[in-house]
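Okay, here's what each chain looks like letter by letter:
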Amino acid sequence: MKTPQFLRALMSSSEYMDKNSKVYAMAEKYLNLLYPGVAQLDVTGRMTEPEYDMTLEQFRKAQKALESALEEAKQEAEAEYEEAGRQIDVEDYVELAETIDVRVLMPDSTIENKQLEVYTLDLPEDDDDMPNDKPRRVWRWHSEEGDNTCEECASRDGEIYYREDEITDIPVHPNCRCSITEDVIDSNSRTLSSKSYTPKKKEVEMNKVLTPELKDALKQHEGIKEHPYLDSKGILTIGIGNNVNKLENFMALNLVDAKDGHTLSSTEKEVLHSQMMADIKAGTFSEKNYSQYHVPTAEIESKFDQQLQQSYHELERKIPDFQTLPIPAQQALLDMQFNMGNTAFQATPHTVNGHRYSGWPKLFNAINNKDWQSAATQSHRRDVQSSRNTWTRDLFLRALI
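So, a few notes on the structure that sits alongside this text. (Residues numbered from 1 in each chain as written. Predicted model: local features only at pLDDT ≥ 70, side-chain atom pairs only at ≥ 80, totals over all residues. Heavy atoms only, no water.)

## Points about unusual backbone geometry
Then, number 1: Located in the positive-phi region is Lys 370, a residue other than glycine, with phi close to 55 degrees.
Then, number 2: Summarising the element assignment, Lys 370 is placed in the loop between helix H12 (361-368) and helix H13 (372-378).
Then, number 3: Relative accessible area serves as the criterion here: at 37%, Lys 370 is assigned to the partly exposed category. (Helix = DSSP H or I, 4+ residues; strand = E, 2+ residues; numbered from the N terminus. Buried < 20%, exposed > 50% of the residue type's maximum accessible area, 1.4 Å probe, protein only.)

In C-alpha cells:
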C-alpha cells in the first residue's frame, strides 16, 4: 500500500517537524491506523510484508477514523460560519479527495481488495458562492414491513444517502424487497420531488454480461424445479439453484400447497423447513415427499435474477478490475461464482465453520495475468457435469478473441 496523498501532504508540511504540533499528531495517528503492526516497505513505498495490509477490524477502525476527521472538520467549519453570522450547509462541499487501495484479511482467512475513502471540505471563500437555500439531490432507502424483512434492511428504512456511490456499493442480497428513490430536498429537508432510482451506468454494464443467452445456459445447467430438492452436494434447493438451507432464505419464499392451493403461513414454513432438514440429516430426504410445495414461476425467475446480480457484485468486490475483463471471461467467472457460492469460490485456501476450502489460486493468478488459456484449463470443477465444464472453458477461450 503506497503512502496516501493526504498523508504525504501532512508529512511534507513544515508543521510536521514540530512534534508538539497538531499536524504531527494527526500524521502519527494516521500512520498507526494505515500501517498497523510491523510492515516492510519497498523503495516505492509499497507494503511487501505481510501479504495483507490490515485486518477487517483495522480496516473498519481506519475508515471510522477518516470519517471522524471529516465530521470534526465539518463541525469546526459550521461553528466558524455561525460565529461569523453566515449560513452554509457544509454537506454540499464534501468531496472525495482520495481512495486508498488496501488488502484486507477477512475473518474467514481470505484476502479481499478494499478501498479506504478520504473526504475533504472544499469550502467557498466568498459569500456569493454560498447559497442559503440550495435544493440538493439525495438517495433514500425504503424497506418493506413484515416478518420476512431482514434486520439489516429494516435498519436502513428511511435512511438518506448524500452520495450516489454509497447506494451503489450496498450489495443486493437474495430475496431483497427494498427499493431506492432519488429525491430532491430543500434546506429544511422537505422533499420537493421523488422518483424511483436505478444505477444506470452500472446496470448497463451488468446487463452486457447477464444476457438472455447466459441466463438460458445457466438454467439448463442448474435445472428448474418449483418444489424443494437436494442438489449434487446435498444442499436444500428450490427454483434455479436457490440455496434455502438457511431458514431465513426459506421463510422468504411464497410457497403454495398444490393439494389445496393455499399459501403457507410463516409457522407452516418453519415447521416444513425443520422437517426437511431433519430428513436431510437422517439421510431419509425424498423429493417426492415434498413435491406438493411449489414456488410460483414468476418468483423463481425473480429470485434467479437477484442471485445473478448478487454474484456479479460479489465478483466486482473480489476482482477489482472485473468490469474491464472481456465479457466472455466475466460470464465464465459468473458461472463459477453462481455455482459454488462466495465462500467456496475464493483465491486462497481457507477454513469456514470447520470446513476447509482449497481455493482457486492458479485460476485467480491466471485472471490477474489475463491469461485466458490458463484460466480455461484451471476452471475445471470435479463436481459438475462435463458439459458445464466445457461450456465454462469455452467462455474463457472466447476471451482470447
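## Examining the packing of helix H7 (residues 212-222) against helix H14 (residues 386-398)
Then, number 1: Remark: H7 packs on H14, axes separated minimally by 10 Å, with the N-to-C direction vectors making an angle of 155 degrees. Accordingly, the angle class assigned to the pair H7 and H14 is roughly antiparallel. The crossing of H7 and H14 is left-handed. On H14, the residues that touch Leu 214, Ala 217, Leu 218, His 221 and Glu 222 of H7 are Ser 387, Arg 388 and Trp 391.
Then, number 2: Of the residues contributing to the contact of H7 with H14, the split by class is 4 nonpolar, 2 polar and 2 charged. (Axes fitted to C-alpha atoms, helices over the stretch in contact; angles between N-to-C directions. Parallel < 35°, antiparallel > 145°, perpendicular 65-115°, else oblique. Left-handed = near helix turned anticlockwise from the far one by under 90°. Contact = heavy atoms within 4.5 Å. Nonpolar A, V, L, I, M, F, W, Y, C, P; charged D, E, K, R; others polar.)

## Some points on the pattern of salt bridges
Then, number 1: A complete count under the given rule lists 14 salt bridges for this structure.
Then, number 2: Note that Glu 112 and Lys 114 form a salt bridge whose closest N and O atoms lie 3.5 Å from each other.
Then, number 3: One salt bridge in this structure joins Arg 388 and Asp 335, with 2.6 Å as the shortest N-O distance. One end of the pair, Arg 388, is in helix H14; the other, Asp 335, is in helix H11 (residues 327-340), and 53 residues separate them in sequence.
Then, number 4: We classify Arg 388 as buried; its relative accessible area is 2%. (Salt bridge = Lys/Arg side-chain N within 4 Å of Asp/Glu carboxyl O.)

## Points about the pairing of strand E9 (residues 191-196)
Then, number 1: Two strands pair when backbone bridges link them, and strand E8 (residues 179-185) and E9 are joined in this way by 5 bridges, in the antiparallel orientation. Paired with Glu 182 across the bridge in E9 is Lys 195.
Then, number 2: Hairpin connection of E8 to E9: 5 residues between the antiparallel strands, including Ser 189 at a positive phi of 65 degrees. (Pairing = 2+ DSSP bridges.)

## Considerations on the side chain of Glu 182
Then, number 1: Within the secondary structure layout, Glu 182 lies in strand E8.
Then, number 2: Not counting residues within four places of it along the chain, the set of residues in contact with Glu 182 comprises Arg 137, Val 138, Trp 139, Ser 193, Ser 194, Lys 195 and Tyr 197.

## Examining the sheet that holds strand E3 (residues 54-55)
Then, number 1: An order of E3-E4-E5 is seen for the 3 strands of this open sheet, with the pairing classed as mixed. In this open sheet, the two strands that pair with only one neighbour each are E3 and strand E5 (111-121).
Then, number 2: Strand direction decides the pairing type here: E3 and strand E4 (residues 94-105), joined by 2 bridges, are parallel. Following the sheet pairing, Met 54 is matched in E4 by Val 104.

## Describing H14
Then, number 1: Over its 13 residues, H14 runs 18 Å from end to end, which matches the ideal 18 Å to within 8%, given 1.5 Å per residue.
Then, number 2: Check the buried side of H14 and you find it contacts H7, H11, H12 and H13. (Expected span 1.5 Å × (residues − 1).)

## A word on helix H9 (residues 266-282)
Then, number 1: Over its 17 residues, H9 runs 24 Å from end to end, which matches the ideal 24 Å to within 8%, given 1.5 Å per residue.
Then, number 2: Those residues of H9 lying buried are Lys 269, Leu 272, His 273, Met 276 and Asp 279. Projected onto a plane normal to the axis of H9, the buried residues spread over an arc of 125 degrees and lie on a single side. Opposite the buried face of H9, at more than 90 degrees from it, the exposed residues are Thr 267, Val 271, Lys 281 and Ala 282.
Then, number 3: Of the surrounding elements, those touching the buried residues of H9 are strand E10 (225-230), strand E11 (236-239), helix H8 (247-251) and strand E14 (293-294). (Arc of directions from axis to C-beta.)

## Points about the environment of Glu 98
Then, number 1: The topology assignment puts Glu 98 in strand E4.
Then, number 2: Sequence spacing of Glu 98 and Glu 117 is 19 residues, and the spatial spacing of their C-alpha atoms is 6.1 Å.

## As for the pairing of strand E6 (residues 136-142)
Then, number 1: Across the 7 residues that make up E6, a large majority, 5, are buried.
Then, number 2: Across 7 bridges, E6 lies against E8 in antiparallel orientation. Opposite Val 138, over in E8, you have Asp 183 as the bridge partner.
Then, number 3: One ladder, built from 2 bridges, connects E6 with strand E7 (residues 160-161); its direction is antiparallel. Across the sheet, the residue bridging to Trp 139 is Tyr 161, located in E7.

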